[in-house]
Amino acid sequence: MFKRIFGEHGAKNVVTLFHKPSSQASLRAHTILKQANAQSVATATEDQASSHDAQNKAERTEFELDVTEAPPTADQLKNILEYLGGPSAVGRIIEGAKDETDALRRLKADGETFKRPLVVDWNQGKAVAGDSESEILSLLKGISAEKK
């Protein structure tokens, strides 16, 4: 049970949503994440003493949701770019950026150049830019593969 809830290293998987409440896309991503998190917690609680199939389903998406309106730090941005496939992803998350150095400069000068929503699973080293439900759910399903 300890491993199922807290993973290999004693900490829950943390999924961060870089959020902008005034953005419809960001609101959609937030809703997807909240629903997935609520379902996994409810299923785990209801079925802990019964079917193992239900527990496996809950385990698939169990995570701690961290929602922030702040832009990422420079170190976080470097990791996110790596998670998204390297320097070619820079324009997808920093408006007008040409490379990582330019992205860091633009982010430092104006946090609003950072495009939201962005969902990051720090434990898996994966990220999703935008509000694609299938991509977000696929990222969450990867959490169970990491735990097994």
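Residues numbered from 1 in each chain as written. Predicted model: local features only at pLDDT ≥ 70, side-chain atom pairs only at ≥ 80, totals over all residues. Heavy atoms only, no water.

The name an unreviewed UniProt entry assigns to the protein chain is DUF1687-domain-containing protein, from the organism Didymella exigua CBS 183.55. Regarding the protein chain, the relevant UniProt record gives this comment under Subcellular location (unreviewed entry): "Mitochondrion". Quoted verbatim from the Function (unreviewed entry) field of UniProt, the annotation for the protein chain is "Putative mitochondrial redox protein which could be involved in the reduction of small toxic molecules." (UniProt positions renumbered as here; feature names shortened; annotations may be inferred.)

Q: I'd love a proper account of the packing of helix H4 (residues 74-83) against helix H6 (residues 100-109), names of residues and values included.
A: Closest axis-to-axis distance for the H4/H6 pair is 11 Å, and the angle between their directions is 140°. Overall, the two elements H4 and H6 adopt an arrangement that is oblique. Considering only the axes of H4 and H6, their crossing is right-handed. Only Glu-100, Ala-103, Leu-104 and Leu-107 of H6 make contact with H4, whose side of the interface consists of Ala-74, Leu-77, Lys-78 and Leu-81. Residue composition of the contact of H4 with H6, grouped by class: 6 nonpolar, no polar and 2 charged. (Axes fitted to C-alpha atoms, helices over the stretch in contact; angles between N-to-C directions. Helix = DSSP H or I, 4+ residues; strand = E, 2+ residues; numbered from the N terminus. Parallel < 35°, antiparallel > 145°, perpendicular 65-115°, else oblique. Left-handed = near helix turned anticlockwise from the far one by under 90°. Contact = heavy atoms within 4.5 Å. Nonpolar A, V, L, I, M, F, W, Y, C, P; charged D, E, K, R; others polar.)

Q: With reference to specific residues and values, describe the sheet that holds strand S3 (residues 118-121).
A: Taken in spatial order, the 4 strands of this open sheet run S2-S1-S3-S4, and their pairing is mixed. Either end of the sheet is taken by a strand with one partner, and the two such strands are strand S2 (64-68) and strand S4 (126-129). Direction aside, the axes of adjacent strands within the sheet are offset by 15° on average. Sheet topology note: the strand S1 (residues 14-18)/S3 ladder contains 4 bridges and is antiparallel. Residue pairing in the sheet places Thr-16 in a bridge with Val-120 of S3. (Pairing = 2+ DSSP bridges.)

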